[in-house]
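Fold and geometry: a report
One-letter residues, chain by chain:
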Amino acid sequence: MAFAYRGGTLCAEQVALEDLARRFGTPCYVYSRAAIEGAYREFTDELSGRASLVCYSVKANSNLAVLSVLARLGAGFDIVSGGELARVIAAGGDPAKVVFSGVGKAEAEIRAALQAGVLSLNLESEQELERVNAIAAALGKRAPVAFRVNPDVDAKTHPYISTGLKQNKFGVAWPEAERLYRKAAALPNIRITGVGCHIGSLMLDSAPFVAATRRIVSLVERLEQAGIALDHIDLGGGMGIRYHDEASATIAAFVHGALDALGRRKETVLLDPGRAIVGNAGVLLTRVEYLKPGEAKNFLIVDAAMNDLIRPALYDAWHEVRPLREVESGAARGVYDIVGPVCESSDWLARDRLLAPRQGDFLAIMSAGAYAMVMSSNYNSRPRAAEIMVSGARAHLVRRRETPAGLFEGEQVPEWT
Ligand SMILES: *Cc1c(COP(=O)(O)O)cnc(C)c1O
């Protein structure tokens with residue numbers, strides 16, 4: 001376990017989190033390199049003996065240090081913007097292992113991806129195919145493309161993170177896929193590399209993932225009969241993790257289920273997990289500013305807020321909250337809502353938790369490695385938190401805390417007349 005109590009104090013690997021909270025201040029995110037590497041290796045171990053590539057989904061946590069840890073292990077990357085491509089390259093990632101997903105790629109982003117030499121552009125519409133063909137022609141290149149196909153399978157997850165239903169904006173419609181492949185095959189500046197799909201995030205059961213794989217295999221067979229061969233089959237990400245006491249399927253269950261559904265197909269298998277690699281590899285540290293007992297609720301007002309971690313406000317998400325120092329058995333406990341300083345009633349991090357807090361104590365919001373810092377904002381002119389990566393007994397500052405003056409660096413007051 002990357003985060004565990006040792007001698008009564010919560011540690012990341014061999015480093016006491018309270019030391020980090022005092023040294024770097026709060027709120028701050030702390031990641032464990034060993035936890036990231038361990039989760040990545042679970043995927044590659046399950047895929048061993050099979051032509052495969054695990055493309056970490058950068059949007060889950062795009063800190064350069066996180067990308068660098070994975071690049072050093074040989075990971076590929078799944079990106080959704082030109083900004084993410086720049087990050088992957090800056091972190092030492094190999095562009096030839098990059099898959100570019102997303103419904104709205106701009107011309108400049110497509111050009112940058114072709115110039116960098118990405119593995120595949122995952123196309124999501126007919127107009128995008130035409131745009132990519134035209135840009136590739138202007139650059140004198142053949143663009144490597146796959147279609148992200150929407151298999152119309154219910155991932156059985158929160159509606160905001162479900163992407164594989166026909167009413168979702170993602171992917172090309174199932175009945176259209178074959179026609180689009182035939183059209184792509186006839187375009188001079190297009191090279192078909194594969195097929196992609198991604199039905200949603202935080203799937204707790206592997207059954208929808210396996211069902212989508214079966215649908216994709218049936219399409220690959222039809223394409224083969226039409227004389228269109230593929231190099232790879234990209235099954236997406238979306239594997240769930242345990243935030244609370246959910247019974248989440250293991251990585252092995254997802255991978256084995258998919259490999260069974262692929263049967264004897266020889267194409268390279270791509271997976272693009274994000275949350276499953278970093279979700280449980282990070283925590284958000286915060287300090288108790290005030291205890292505010294009330295008639296209906298007791299509030300614990302902390303120095304982290306919805307601008308730092310929006311998942312509770314956005315998805316009603318549950319994050320475990322642990323004190324950095326283990327509570328003695330006789331301590332008086334109370335039930336608290338943990339809330340931040342932002343001026344919104346949706347600014348809460350956890351509700352109805354049994355804790356024994358004192359003013360000034362530190363808390364860890366657990367499972368905050370994915371869709372956490374990347375979704376942070378400066379709302380209420382709050383500087384964004386610092387990020388720290390622990391590796392063994394060492395702690396590295398991997399993003400410094402923003403400053404109040406830094407927040408308006410790019411702003412200008414006009415010369416009023
Ligand atoms: C977001 C995304 C992923 C990663 O999803 P997780 O739930 O974090 O595993 C994978 N593939 C695509 C195309 C995505 O958009």
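Quick caveat, the model's predicted, so the values are computed rather than measured. (Residues numbered from 1 in each chain as written. Predicted model: local features only at pLDDT ≥ 70, side-chain atom pairs only at ≥ 80, totals over all residues. Heavy atoms only, no water.)

A few words now on the overall build of the chain. Each helix and strand in the chain was counted, giving 12 helices and 21 strands. The principal-axis extents of the C-alpha atoms in the chain amount to approximately 70 × 65 × 40 Å. Across the 417 residues in the chain, those meeting the buried criterion constitute 54%. Considering only intrachain contacts with a sequence separation of at least 6, the fraction spanning at least 24 residues in the chain is 70%. (Helix = DSSP H or I, 4+ residues; strand = E, 2+ residues; numbered from the N terminus. Buried < 20%, exposed > 50% of the residue type's maximum accessible area, 1.4 Å probe, protein only. Contact = heavy atoms within 4.5 Å.)

Let's shift gears to the packing of helix α2 (residues 33-46) against helix α3 (residues 64-72). At their nearest, the axes of α2 and α3 sit 10 Å apart, and the two run at 45° to each other. Relative to α3, the element α2 lies oblique. Our pair here, α2 against α3, has a crossing hand that is right-handed. Of the residues in α3, those in contact with Arg 33, Ile 36, Glu 37 and Tyr 40 of α2 are Val 66, Val 69, Leu 70 and Arg 72. (Axes fitted to C-alpha atoms, helices over the stretch in contact; angles between N-to-C directions. Parallel < 35°, antiparallel > 145°, perpendicular 65-115°, else oblique. Left-handed = near helix turned anticlockwise from the far one by under 90°.)

The next subject is the pairing of strand β15 (residues 299-302). In the sheet, strand β14 (residues 282-292) pairs with β15 via 4 bridges, with the strands oriented antiparallel. For Tyr 290, the partnering residue across the bridge sits in β15 and is Ile 301. Remark: 6 residues form the turn of the hairpin made by β14 and β15, two consecutive strands paired antiparallel. In terms of strand pairing, β15 meets strand β17 (residues 334-339) through 3 bridges, oriented parallel. The residue bridging Leu 300 from the neighbouring strand is Ile 338, located in β17. (Pairing = 2+ DSSP bridges.)

Around the ligand, the surrounding shell holds 14 residues, and the nearest of these are Lys 59, Ser 201, Gly 238, Asp 272 and Tyr 371. Between an oxygen atom of the ligand and a side-chain N or O atom of Ser 201, the distance comes to 2.3 Å. The backbone of Gly 274 places a nitrogen or oxygen atom 2.9 Å from an oxygen atom of the ligand. Starting from 390 Å² of accessible surface for the ligand in isolation, the protein chains cover 94%. For the shell around the ligand, a count of residues per class yields 2 nonpolar, 7 polar and 5 charged. (Near = heavy atom within 4 Å. Polar contact = N/O pair within 3.5 Å; in protein donor to acceptor, adjacent residues only side chain to side chain. Areas by Shrake-Rupley, 256 points an atom, 1.4 Å probe, with all protein chains shown as cover. Nonpolar A, V, L, I, M, F, W, Y, C, P; charged D, E, K, R; others polar.)

Turning our eyes to something else, we now look at the domain arrangement of the chain. Along its sequence, the chain is carved into domain 1 (3-30 + 279-407) and domain 2 (102-271). Here domain 1 and domain 2 have C-alpha centroids that lie 36 Å from each other. Contacts between the two partners involve 10 residues from domain 1 and, on the opposite side, 9 residues from domain 2. Buried area between domain 1 and domain 2, summed over both chains or domains, comes out near 800 Å², and the portion from carbon and sulfur atoms is 59%. In this assembly, domain 1 and domain 2 are joined by 0 salt bridges. Where domain 1 meets domain 2, there are 1 residue pair in polar contact (both at pLDDT 80 or more). By residue class, the composition of the side of domain 1 that touches domain 2 is 4 nonpolar, 4 polar and 2 charged. (Domains from an automatic or database assignment. Buried area = accessible area lost by both parts, 1.4 Å probe. Salt bridge = Lys/Arg side-chain N within 4 Å of Asp/Glu carboxyl O.)

The contact between helix α8 (residues 207-225) and helix α9 (residues 251-262) brings their axes to 9 Å, and the two run at 25°. One way to sum up the angle between α8 and α9 is to call them roughly parallel. When you trace α8 past α9, the crossing you get is right-handed. Side by side, α8 and α9 meet where Phe 209, Val 210, Thr 213, Arg 214 and Val 217 of the first sit next to Phe 254, Gly 257, Ala 258, Ala 261 and Leu 262 of the second. Split into classes, the residues belonging to the contact of α8 with α9 amount to 7 nonpolar, 2 polar and 1 charged.

Relative to the helices and strands, Ile 190 is located in strand β11 (residues 190-196). Once the C-alpha coordinates of Ile 190 and Val 278 are considered, the two residues, 88 residues apart in sequence, prove to be 34 Å apart.

Any two side chains of opposite charge can pair, on the condition that their charged atoms come close. Considering all chains together, one arrives at 23 salt bridges under this definition. Residue Arg 287 is joined to Glu 289 by a salt bridge in which the shortest nitrogen-to-oxygen separation is 3.8 Å. Three or more residues joined by partner-sharing salt bridges are found here, namely Glu 126, Glu 130, Glu 176, Arg 179 and Lys 183.

Our next topic: the nonpolar core. Ranked by internal contacts, the top residues of the largest apolar core, which has 104 residues, are Tyr 56, Phe 77 and Leu 121. Among the elements that make up this core, the one with the highest residue count is α8 (7 residues). Per-domain counts for this core show at least three residues from each of domain 1 (3-30 + 279-407) and domain 2 (102-271). Excluding its chain neighbours within four sequence positions, the residues that come into contact with Tyr 56 are Asn 61, Val 66, Leu 67, Leu 70, Gly 76, Phe 77, Asp 78, Pro 273, Gly 274, Ile 277 and Val 278. Counting 21 residues, the second largest nonpolar core, distinct from the first, contains Leu 17, Ala 21, Cys 28 and Ala 386. (Core = buried A, V, L, I, M, F, W, Y, C linked by side-chain atoms within 4.5 Å.)

Of all 6 residues in strand β20 (residues 386-391), 5 are buried; the element is thus mostly enclosed. As defined by bridge partners, strand β4 (residues 28-32) adjoins β20 across 5 bridges and the pair is classed as parallel. By the bridge assignment, Val 30 is partnered in β20 with Ile 388. Summarising the sheet, β20 and strand β21 (residues 394-399) pair through 5 bridges and their orientation is antiparallel. Looking across to β21, one finds that Ile 388 is bridged to Leu 397.

For the rest of this paragraph, the subject is the packing of aromatic side chains. Taken as a whole and judged by the stated rule, the model has 3 aromatic pairs. Taking 4.9 Å as the distance between ring centres and 70° as the angle between the ring planes, the aromatic pair formed by Phe 147 and Tyr 181 counts as edge-to-face. One end of the pair, Phe 147, is in strand β9 (residues 143-150); the other, Tyr 181, is in helix α7 (residues 177-185), with 34 residues separating them in the sequence. A relative accessible area of 0% places Tyr 181 in the buried class. Above the plane of the ring of Trp 174 lies Arg 215, whose end atom (NZ or CZ) is 4.3 Å from the centre. (Phe/Tyr/Trp six-rings, centres within 6.5 Å; stacked < 30°, edge-to-face > 60°. Lys NZ or Arg CZ within 6 Å of the ring centre and 35° of its normal.)

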